[in-house]
Amino acid sequence: MFKQDLHIHTTYSTNDGAVVPEQTIALVAAVKHARIVGISDHFENLANGQFQGYSNEVRKAGLKLGLEIDGHAWANEAACYDVDYFIYHCRDQEDDYRALENLLAANRPVIIAHPNALGTDLNRVPTECLIEINNRYIWRSDWETFYRPFKKKFRFVLGSDAHQPNWLSLTVALYAASRLGVEEYLLF
Ligand SMILES: [Zn+2]
Ligand SMILES: [Zn+2]
């Protein structure tokens, strides 16, 4: 069993073509591939009246409640929602770094999603953020060069970014973390 996975999508991510109908909250809870499991569906699919049902279902399943937020356009609104943590798309642009400050002010953990896939400049990210090593994307880049300069600056979390039941795994992220010599930080 893995220790923690807080980056998981379900059928609530309705605009995401990679999600399959079988990827329900109930199935993720039943598989329970990690000791700490959190659901983090796309906020833009929840902001329009879907959030309450999502929140109820995640809580009822006994899982942590998160949101994945797509940059500055959604950050201020998302910061007002009652969740356990945020996962944030921070592209290399002024507006995204600025909105990150507002998100941090909401006093919940903020995980910077797959920064190697979005070109996030980790020099511009505050140290209280957690940096994700994302099982879906980590291998698609020169991750050693990208992450190694920051291994002392940040705490790191591993995330599957699962959109399908068989993606509920952290094997490549664990490999990268061990090669980098970074310890996974447990949030809950
Ligand atoms: Zn993402
Ligand atoms: Zn995601």
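An account of the accompanying structure is given in this report.

Rules used in this analysis
Residues numbered from 1 in each chain as written. Chains lettered and ligands numbered in written order. Predicted model: local features only at pLDDT ≥ 70, side-chain atom pairs only at ≥ 80, totals over all residues. Heavy atoms only, no water. Core = buried A, V, L, I, M, F, W, Y, C linked by side-chain atoms within 4.5 Å. Buried < 20%, exposed > 50% of the residue type's maximum accessible area, 1.4 Å probe, protein only. Helix = DSSP H or I, 4+ residues; strand = E, 2+ residues; numbered from the N terminus. Contact = heavy atoms within 4.5 Å. Phe/Tyr/Trp six-rings, centres within 6.5 Å; stacked < 30°, edge-to-face > 60°. Lys NZ or Arg CZ within 6 Å of the ring centre and 35° of its normal. Donors = N, O, S within 2.8 Å, 3.2 Å for Na, K, Ca; no water. Tetrahedral: all angles 85-135°; square planar, octahedral: opposite > 155°, others 65-115°. Expected span 1.5 Å × (residues − 1). Arc of directions from axis to C-beta.

**Focus: the nonpolar core**
Then step 1. Residues Tyr54, Leu67, Tyr88 and Ile133 are the most contacted members of the largest nonpolar core, which totals 52 residues.
Then step 2. Examining the composition of this core, we find that 5 residues originate from one element, helix H4 (residues 94–105), more than from any other.
Then step 3. Among all residues touching Tyr54, those that are not within four sequence positions of it are Tyr12, Ile25, Ile39, Ser40, Asp41, Leu46, Leu65, Gly66 and Leu67.
Then step 4. If you look at the next biggest cluster of nonpolar residues, it comprises 9 residues, including Ala113, Leu130, Val157 and Leu187.

**Concerning the packing of aromatic side chains**
Then step 1. Following the criterion strictly, the structure yields 10 aromatic pairs and no others.
Then step 2. With a centroid separation of 5.9 Å and an interplanar angle of 85°, the aromatic rings of Phe43 and Trp74 are classed as edge-to-face. Of this pair, Phe43 sits in the loop between strand S2 (34–42) and helix H2 (51–60) while Trp74 sits in helix H3 (residues 72–78), placing them 31 residues apart in sequence.
Then step 3. Residue classification places Phe43 among the buried residues on the basis of a relative accessible area of 0%.
Then step 4. Ring centres 6.1 Å apart and planes at 75° place the aromatic pair Trp143 and Tyr175 in the edge-to-face group. Taken as a pair, Trp143 in helix H6 (residues 143–147) and Tyr175 in helix H7 (residues 171–180) lie far apart in primary sequence, 32 residues in all.
Then step 5. Given a relative accessible area of 43%, Tyr175 falls into the partly exposed group.
Then step 6. Three or more aromatic residues joined by ring pairs form one cluster here, namely Tyr12, Phe43, Phe51, Tyr54, Trp74 and Tyr81.
Then step 7. Over the face of the ring belonging to Tyr185 we find Arg155, whose NZ or CZ atom lies 4.6 Å from the ring centre.

**Side note on the coordination of the zinc ion (ligand 2)**
Then step 1. Taken together, His7 (NE2), His9 (NE2), Glu68 (OE) and Asp161 (OD) make up the protein donors of the zinc ion (ligand 2), found 2.0 to 2.3 Å from the metal.
Then step 2. Relative to the metal, the 4 donor atoms surrounding the zinc ion (ligand 2) lie at angles of 78 to 174°, and the coordination shape comes out irregular.
Then step 3. Mapping the donors of the zinc ion (ligand 2) onto the primary sequence yields the spacing H-x1-H-x58-E-x92-D.
Then step 4. Between the two metals, the zinc ion (ligand 2) and the zinc ion (ligand 1), the spacing is 3.5 Å, and Glu68 donates to both. On the criterion of sequence distance, the pair formed by Glu68 in strand S3 (residues 64–69) and Asp161 in the loop between strand S7 (155–159) and H7 is long-range, its members being 93 residues apart.

**A closer look at H4**
Then step 1. Taking 1.5 Å per residue as the helical rise, H4 with its 12 residues ought to reach 16 Å, and the 18 Å between its terminal C-alpha atoms agrees with that figure.
Then step 2. Every buried residue belonging to H4 is among Asp96, Tyr97, Ala99, Leu100, Leu103 and Leu104, and all of these are buried. When H4 is viewed along its axis, its buried side chains cluster within an angular range of 165° and face the same direction.
Then step 3. Each element contacted by the buried residues of H4 is listed here: S3, H3, strand S4 (85–88) and strand S5 (110–112).

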